[in-house]
Amino acid sequence: MTTYKAIHGKLVQSLASDPDSAAYEGQLWFNSTSSDYKTIQKVAGSWSTGGDMNTAVDRGGDLGTQTAAMTFGGRDPSTTGIDTSETYNGTAWTETNDLVGTDKYANAGLGISTAGMSIGGADGSNNLLNESETYDGTNWTEGANLTTARRDLDGCGTTSAGLAVGGSAGPGTVGIVESWDASSWTEIADLNTARQSLVSFGTSTAALCVGGEPPSDGKNETEIWNGTSWTEVGNLNVIRNTHAGGGISTAGLIFGGTTPPSEARSAKTEQWDGTSWTEVADLSVARDKLKGGGNGTTSAGIAFGGDGPPGAKVVTTEEWDYTSTLAAGTWASGGDLNDARFGLWGAGTQTAGLAGGGHPNAKEKTEEYNGTSWTEGGDQGDTGKLYRKGSGTQTAAICCGGEPPVTSVESYNGSSWSELTAMNTATFKHGACGSQTAFMKFGGTDGRITNNEIWDGSSWTEVGDLPTGTSEMDGAGTTTAALCMGGTTGSVIASVEEWNGTAWSEGTDLNSGRANASSGQGSMTSTAALFGLGTSPGSPNTGKTELWDGTSWVEQADASAGRASLAGAGTTAAFMAFGGSPPTSNATEEFTQLQNIKVITD
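Keep in mind the model is a prediction, meaning the values are calculated, not measured.

The rules we used
Residues numbered from 1 in each chain as written. Predicted model: local features only at pLDDT ≥ 70, side-chain atom pairs only at ≥ 80, totals over all residues. Heavy atoms only, no water. Helix = DSSP H or I, 4+ residues; strand = E, 2+ residues; numbered from the N terminus. Buried < 20%, exposed > 50% of the residue type's maximum accessible area, 1.4 Å probe, protein only. Pairing = 2+ DSSP bridges. Axes fitted to C-alpha atoms, helices over the stretch in contact; angles between N-to-C directions. Core = buried A, V, L, I, M, F, W, Y, C linked by side-chain atoms within 4.5 Å. Salt bridge = Lys/Arg side-chain N within 4 Å of Asp/Glu carboxyl O.

Enquirer: Explain unusual backbone geometry here, please?
Expert: Note on backbone geometry: most residues besides glycine have negative phi, and most peptide bonds are trans. Residue Pro310 is reached from Pro309 by a cis peptide bond, and omega for that bond is 0 degrees. Mapped onto the fold, Pro310 is located in the loop between strand 28 (307–308) and strand 29 (312–313). A cis amide bond links Glu403 to the next residue, Pro404, at an omega of 0 degrees. Its location among the elements puts Pro404 in the loop between strand 37 (397–400) and strand 38 (409–412). Backbone geometry at Arg59 places phi at a positive 55 degrees, although glycine is not the residue there. Counting through the fold element by element, Arg59 comes out in the loop between strand 4 (46–49) and strand 5 (61–65). Take Arg59: its relative accessible area is 16%, and that puts it in the buried class. Unlike most non-glycine residues, Ser197 shows phi in positive territory, near 55 degrees. By the element assignment, Ser197 lies in the loop between strand 16 (185–188) and strand 17 (199–202). Look at Ser197 and you get buried, because its relative accessible area is 10%.

Here's what the structure looks like:
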């Protein structure tokens, strides 16, 4: 008899508590405490900010994947058709060689970033085009013409076997579908419903056509292509046109667009499982006339360009992720500090934390956290300091600087403080990360400096400066791989700088600018960091929290109360924020992110 173990590799285990490991995704266990069968599954997915395009464009052609996408043609803010193209490498957009044919917009694309095509569209005088051009990864070359000139069509497949689907052939919308065989276009079976401003994705023998519009309406119909004919399948939940998407005929994603009858720009995203559409997480920027690569997947999609509110063309790129099994993090109240304070510093973890310094009455006081409550530790010898920065563990910590700007440095052994060699440059409100014996501090006030120094356990060495004088930021990582997050350069910024042990380079921005916020310094890493609360433009105190996975920042649940000039300790899975102002606070909040566990009910 076939057993679960024979099929899936493990017996059903009986566990008193749920495992917190992605290795249990798809496995089944019995929780003997709650008497439930459970499993771990992926979360619903989320959008995060990617690199901005060089030129704000709508209604261009597109092709490729989340880490190798391309856009070409379209309309920029000053023209009705362009010939420029850009490629995306998963981080940044780079201008590439121009199209060789007519300046155009409302064209379509198919293929990948090293072997792609631009098809159809309209020129600046709104004349319909039947042009096709092929791209070899470097240059565009004129190819064979479509049999029917049209715009607002879409394409899918490859440069050796592709489809051109639907569009506007003037005076009306058409259901024409043409097949490409690497040398010529041939008209094949029409769509059941003529449409333009649609999305198509898949291959020349297994494709999907989704949404679109006749001249004054919108569509929610989905049609599937089997290489011979089109068949209507499950409808979208929301009627839309001028949207974008990507995937294959059995697993796709569509997003954005215009939703009749109000013609409102949409942020809604829907996921296709081969049978039906399900609404999932929204884009952060509602937009229409955008693009999405076409060859993306339900686990890694991309959205870029288009028209956002109030109708202005945007450069924003967003990246879709559906690979994580971690549920969204949540905040809960922890034990209060004994002394309310702001301008303090923190170190350690959520269950073995350290708080030091601060204003108004706790400048020399140290407190230790055991996961439940705070108790007083040894007082600092170098009193009268606030806006210092520290790192390390509860029994091996280091802190430096302070207001007024000083060079002093101290270490903590779990019971008492000792003075260490002073820094080269006095500062406060700086960033820091690392350990007691390998520590780095950067930037700070007064004057918003660029200075960066590393402590090796015995002496300080000046190393590569920040590119811009910054203060009120925070850090994460080590002396060889670190992040400098947010801060102010005169105004609050969303910038993130990445340190590779030698120099700083520009990283992926936060979703919102933040200063006087908190991270876990030495407990975080350059590829897994949490940045929470602080001061945000237009919001003196925010509870916003963002999680960094090495690729993108994703917003998490807000803390219960906005606070600035606070401190933090811990990891992305178990973090805490404490103190801050205004008003001056003694509150501790604990952030926890666990695996996404599903109870089996049927």
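The structure having been displayed, the exposition proceeds.
Enquirer: What is the right way to look at the pairing of strand 8 (residues 93–96) in this model?
Expert: Sheet faces and side chains relate simply in a regular strand, where the side chains alternate between the two faces. Across four bridges, the pairing between strand 7 (residues 85–88) and strand 8 is antiparallel. Its bridge partner being in strand 8, Ser85 is matched across the sheet by Thr96. Hairpin geometry of strand 7 and strand 8 is characterised by an intervening segment of four residues between the two adjacent antiparallel strands and by a positive phi of about 100 degrees at Gly90.

Enquirer: I tried to follow the sheet that holds strand 35 (residues 374–376) on my own but got confused; where do I start?
Expert: As a general point, the strands of a sheet are linked pairwise by backbone hydrogen bonds and lie either parallel or antiparallel. The strand order 32-33-34-35 describes an open sheet built from four strands, whose pairing is antiparallel. Across the chains shown, the open sheet's two edge strands, defined by having one partner strand only, are strand 32 (345–348) and strand 35. Ignoring which end each strand starts from, the neighbouring axes of this sheet average 25 degrees apart. Relative to strand 34 (residues 366–369), strand 33 (residues 353–356) is paired through four bridges, and the arrangement is antiparallel. Opposite Ala355, over in strand 34, you have Glu367 as the bridge partner.

Enquirer: Just to check I follow, could you spell out the nonpolar core for this structure?
Expert: Generally speaking, a soluble globular protein has its nonpolar side chains buried in company with each other. Judged by nonpolar contacts, the single largest core of 21 residues is most densely connected at Trp331, Leu483, Met485, Ala529, Trp553 and Phe575. Looking at this core, the elements with two or more residues in it are strand 45 (482–485), strand 48 (529–532), strand 49 (545–548) and strand 52 (574–578). The element that contributes the greatest number of residues to this core is strand 48, accounting for three residues.

Enquirer: Please clarify how the pattern of salt bridges should be interpreted in this entry.
Expert: When the charged atoms of two side chains lie near each other, side chains of opposite charge can form a pair. Enumeration according to the criterion identifies 24 salt bridges in this entry. With a shortest N-O distance of 3.1 Å, Lys104 and Glu133 are connected by a salt bridge. Of the two residues, Lys104 is situated in the loop between strand 8 and strand 9 (108–112) and Glu133 in strand 11 (residues 132–135); the sequence distance between them amounts to 29 residues. Judged by its relative accessible area of 1%, Lys104 falls in the buried class. Residue Glu133 is classed as buried on the basis of its relative accessible area of 1%.

Purely geometric stuff here, so don't read any function into it on its own.
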